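Results of the structural survey
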Amino acid sequence: WLITARKGRTRWHRLFHRCLLFFFLGFLLALAPYDVDVDVRVFPSASTSAKLDSDVEIAAADSVKLEVDAASDVDSRMDLVPPKQLIVVTPTYNRAFQAYYLNRLAQVLALVPPPVLWIVVEMKSTAAETAGLLRKTGVPFRHLVCNRNMTDVKDRGVHQRNAALDHIQSHQLDGIVYFADDDNIYTLELFHRLREIRRFGTWPVAMLAPSKNKAILEGAICNASQVIGWHTNEKSKKLRRFHVDMSGFAFNSAILWDPKRWKRSTGTPIRQLDSVREGFQETTFIEQLVEDESQMEGILPGCATIMNWHLHLESFKQRYPKGWFLQKDLSAVLPAHSLLLPV
């Protein structure tokens, strides 16, 4: 009897352990996600196996290509280079259309994507009117003064630009320097193109002839981005090495304060010369920046687009028209409703 009881107890233990094991396995299966994976396989014949193999290779190649494109897209975003700063130098002086010219240029600069730094230079002292105008433009600016004595100044603009060059060199401002006189006309595209310059960039400038009845060109002739010649229309200026208008070139500011980087043989400061004849300031200045046309970059393919105009419309002999004096403000003499036209 005892042996029979032990055998029965052993069977119950085995049955209990098996039930417990099955319960535990069922519990684990219930926790696992239920996913039916139907594997349908087609066994091709010998005639179609080669075609299927080629399709598989094409699909694999396409998947690899997509992965490479995605990776390269990420790398391109990681390697984004911030745009170069534009350092726009503008000499200005007190005259009738000064506010109009500065506002016109400021409206163009306000549309240029940052970073942009506008360096405005006046003679003797900074005018409060000019400072107020610059603050209202919203364009980052620096208002400088050229302290040269006016009695020994042949060309005011030369010394004002040199004051800006002194400031750029002493503060080691990094960017593309462009001399933009306030009375010239500029397209927005010009300032976008300036950021493409590596060392020295140039382009042709359209000018209104002194007779005011025709336009002339002065500046580079290009084959793609290579400068191969110059437009010139004045016999007296044929002796110039580079036939460029002051608003027809721009350059990397590091040339001023990092001569070793640009392999300049001398550390003499690069400045415009007041001792040369009129019309030769540009070429004598450019000769300090580059050796020849091989170090120049023509802006836009073939230099075929006019991006700024030099008009010479203003007379320098008279600052303000005579007789423009009002003792008191004008008052309205007609009510507004009287100006309405009958229907």
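This one's a predicted model, so the numbers in the text were calculated from it and none came from an experiment.

Details of the overall build of the protein
A tally of helices and strands in the protein yields 8 helices and 12 strands. As presented, the protein carries roughly 22800 Å² of accessible surface, and 59% of it is formed by carbon and sulfur atoms.

Details of the pattern of salt bridges
By the definition in use, this model includes 7 salt bridges. In this structure, the salt-bridge partner of Asp181 is Arg161, at a minimum N-O distance of 3.2 Å. One end of the pair, Asp181, is in the loop between strand S4 (176-179) and strand S5 (185-186); the other, Arg161, is in helix H5 (residues 156-171), with 20 residues separating them in the sequence. Arg161 shares its class with Asp181; the two are buried. Asp166 serves as the salt-bridge partner of Arg271, at 2.7 Å between the closest nitrogen and oxygen. Taken as a pair, Arg271 in the loop between helix H7 (254-257) and helix H8 (281-289) and Asp166 in helix H5 lie far apart in primary sequence, 105 residues in all.

Digging into the UniProt feature "active site" (unreviewed entry) in the protein
In this structure's numbering, the residues bearing the UniProt feature "active site" (unreviewed entry) are Glu282. Looking at where Glu282 falls in the secondary structure, it is placed in helix H8. Residue class for Glu282 comes out buried when judged on its relative accessible area of 11%. For Glu282, the contacting residues outside a window of four places in its chain are Arg240, Val244, Asp245 and Met246.

Structural notes on the state of the cysteines
For the structure on display, the rule yields 1 disulfide. What pairs with Cys222 in a disulfide is Cys303, and their sulfur atoms sit 2.0 Å apart. Taking the sign of the torsion about the S-S bond as the criterion, the disulfide between Cys222 and Cys303, at about -60°, is left-handed. Separated by 81 residues along the polypeptide, Cys222 in strand S8 (residues 215-223) and Cys303 in the loop between strand S11 (297-298) and strand S12 (308-310) bring together distant segments of the chain. Summarising the burial analysis for this pair, Cys222 and Cys303 share the class buried.

Quick notes on the nonpolar core
Ile119, Phe179, Phe249 and Phe251 are the most contacted members of the largest nonpolar core, which has 36 residues in total. Those residues in contact with Phe179 that sit more than four places away from it in its chain are Val89, Arg161, Leu165, Met246, Ser247, Phe249, Phe251, Gln272 and Phe285. With 30 residues, the next largest nonpolar core counts Leu109, Val205, Ile216 and Leu300 among its residues.

Remarks on the UniProt feature "binding site: Mn(2+)" (unreviewed entry) in the protein
This chain's UniProt record puts "binding site: Mn(2+)" (unreviewed entry) on Asp183. Looking at Asp183, the relative accessible area reads 22%, which means it is partly exposed.

Brief notes about the sheet that holds strand S10 (residues 249-252)
Pairing in this open sheet of 7 strands is mixed, and the strands run S3-S2-S1-S4-S10-S6-S11 from one edge to the other. Here the strands that pair on one side only, and so sit at the sheet edges, are strand S3 (141-146) and S11.

Quick word on the side chain of Arg264
Along the chain, Arg264 turns up in the loop between H7 and H8. Within the buried set, Arg264 has no salt-bridge partner at all; the shortest N-O distance to an opposite charge, 8.7 Å, is to Asp258. Side-chain polar atoms of Arg264 contact the backbone oxygen of Ile255, separated by 3.3 Å.

Considering the sheet that holds strand S9 (residues 226-231)
Read across the sheet, 5 strands follow the order S5-S12-S7-S8-S9 without closing on themselves; strand pairing throughout is mixed. Since the sheet does not close on itself, it has two edges, and those belong to S5 and S9, each with one partner. Of the pairings in the sheet, the one linking S5 to S12 comprises 2 bridges and is antiparallel in character. Bridge pairing in S12 places Ile185 opposite Trp309.

The rules behind these values
Position numbers for residues count from 1 along each chain, tracking the sequence in the order it is written. Two thresholds apply to this predicted model, a pLDDT of at least 70 for residue-level local features and 80 or more for giving and counting side-chain atom pairs, whereas whole-chain, interface and lining totals are computed over all residues. Excluding hydrogens and water, the side-chain values take into account all heavy atoms of the structure. Helical segments are the DSSP runs of H or I of at least four residues, strand segments are the runs of E of at least two, and each set is numbered from the N terminus. All accessibility values rest on the Shrake-Rupley procedure with a 1.4 Å probe; residue burial counts only the protein chains present in the view. A pairing counts as a salt bridge when a side-chain nitrogen of Lys or Arg comes within 4 Å of a carboxyl oxygen of Asp or Glu. Burial classes follow relative accessibility: with a 1.4 Å probe on protein chains only, a residue under 20% of its type's maximum area counts as buried, one over 50% as exposed, and anything between as partly exposed. UniProt positions are given in the numbering used here, feature names are shortened, and annotations may be inferred rather than shown by experiment. Here, two residues are considered to be in contact whenever any of their heavy atoms come within 4.5 Å of each other. Cysteine sulfurs are considered disulfide-paired once they come within 2.5 Å of each other. Residues belong to one nonpolar core when they are buried, are Ala, Val, Leu, Ile, Met, Phe, Trp, Tyr or Cys, and are joined through side-chain atoms within 4.5 Å. The pairing criterion is simple: DSSP has to find at least two bridges between the two strands. Charged residues are defined here as Lys and Arg on the positive side and Asp and Glu on the negative side; His and the ends of the chain fall outside this count. Counting of polar contacts relies on pairs of N or O atoms within 3.5 Å, with two restrictions inside protein: one atom must be capable of donating a hydrogen and the other of accepting it, and residues adjacent in sequence are counted only when both atoms are side-chain atoms.

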